[in-house]
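The residues making up each chain are set out below.
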Amino acid sequence: MTKQQVEIFCDFDGTITSGDTIDLLLENLADESWREVESLWEAGEIGSRECMSRQVPLIRGGWTAMLKVLDTVKVDRSFATFVSWCRRRQIPVHIVSDGLDRVIEYLLAREGIRVDRIWSNHLVESQDGTVSLRFRKTLPRVVCPSGQCKCQILEEAPSSSFKVVVG
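Per chain, the residues get numbers from 1 upward, laid out in the order the sequence is written. Only residues with pLDDT of at least 70 are given local features in this predicted model, and only at 80 or more are side-chain atom pairs given and counted; all residues enter the totals for whole chains, interfaces and linings. To get the side-chain values, take all heavy atoms of the structure and skip hydrogens and water.

K.L.:
Quick one: what's the story with unusual backbone geometry, residue by residue and with numbers?
P.N.:
In this structure, Q90 takes a positive phi of about 55 degrees despite not being glycine. Assessed through its relative accessible area of 66%, Q90 is described here as exposed. Accessibility here uses a 1.4 Å probe with only protein chains present; expressed as a share of the type maximum, an area under 20% marks a residue as buried, one over 50% as exposed, and anything in between as partly exposed.

K.L.:
I'd love a proper account of the state of the cysteines, names of residues and values included.
P.N.:
In what follows, a disulfide is any cysteine sulfur pair within 2.5 Å. Overall, the coordinates contain 0 disulfides when judged by the stated rule. C10 carries a free sulfur, and the closest cysteine sulfur to it, the one in C86, is 9.4 Å from it. Classification of C10 by relative accessible area gives buried; the value is 2%. Looking at C86, the relative accessible area reads 0%, which means it is buried.

K.L.:
Describe helix α1 (residues 21-29), with residues and values.
P.N.:
Under the DSSP-based scheme used, a helix requires at least four consecutive residues in state H or I and a strand at least two consecutive residues in state E, with every element numbered from the N terminus. Those residues of α1 that sit buried are T21, I22, L25, L26 and L29. Projected down its long axis, α1 carries its buried residues within an arc of 135 degrees, all on one side. Capping the start of α1 is the job of one residue whose side-chain oxygen sits 2.9 Å from the backbone nitrogen of I22: D20. Working note: the arc is built from the helix axis to C-beta atom directions. Side-chain atoms alone can form a polar contact between residues adjacent in sequence; in general such a contact is a pair of N or O atoms within 3.5 Å, and within protein one must be able to donate a hydrogen while the other accepts it.

K.L.:
Give a detailed account of the pattern of salt bridges, specifying residues and quantitative values.
P.N.:
It is possible for side chains of opposite charge to pair when their charged atoms get near one another. A pairing counts as a salt bridge when a side-chain nitrogen of Lys or Arg comes within 4 Å of a carboxyl oxygen of Asp or Glu. The tally for this structure, following the rule as stated, stands at 5 salt bridges. Between E32 and R35 there is a salt bridge; the shortest N-O distance is 2.9 Å. With a relative accessible area of 48%, E32 lands in the partly exposed category. Overall, the relative accessible area of 39% leaves R35 in the partly exposed class. In this structure, E50 engages R54 in a salt bridge whose closest nitrogen and oxygen atoms are separated by 3.0 Å. Of this pair, E50 and R54 both sit in helix α3 (residues 48-55), 4 residues apart, which is roughly one turn of that helix. When its relative accessible area of 38% is taken as the criterion, R54 is described as partly exposed.

Here you go:
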């Protein structure tokens, strides 16, 4: 009998961090109209992909302003220990998030945490400091209102692996 490879797929916002980084950025840097879009999402009238594609461009100050807010974000201290434990056992750790790639990369680098792969929405900054999102393509058969379809990502992982989902 062959040993099955274990892979960890971990959410980011509210799982690795103490709260939602996108909400924190919106609360501190965005035009107040982000709350109207949030209400539509909370009511189930739009999915997170549409919600975020409308909210993120409302963030002012670009990446420089975002960094100042992100420096207040706390990362769960046990996550670095968990990743180290996984590394010693050769268990891949992936981040699967409907959040922002640069935010995740920045916070993990700040904490000295290296994961195997990050699936998230791509933050784009224009020369004038405006920000927007680029989303990963979904498979034609997948109907998912999220920016990152976690089900699709898990489906694409090797079928021989034992997938552990955290968060």
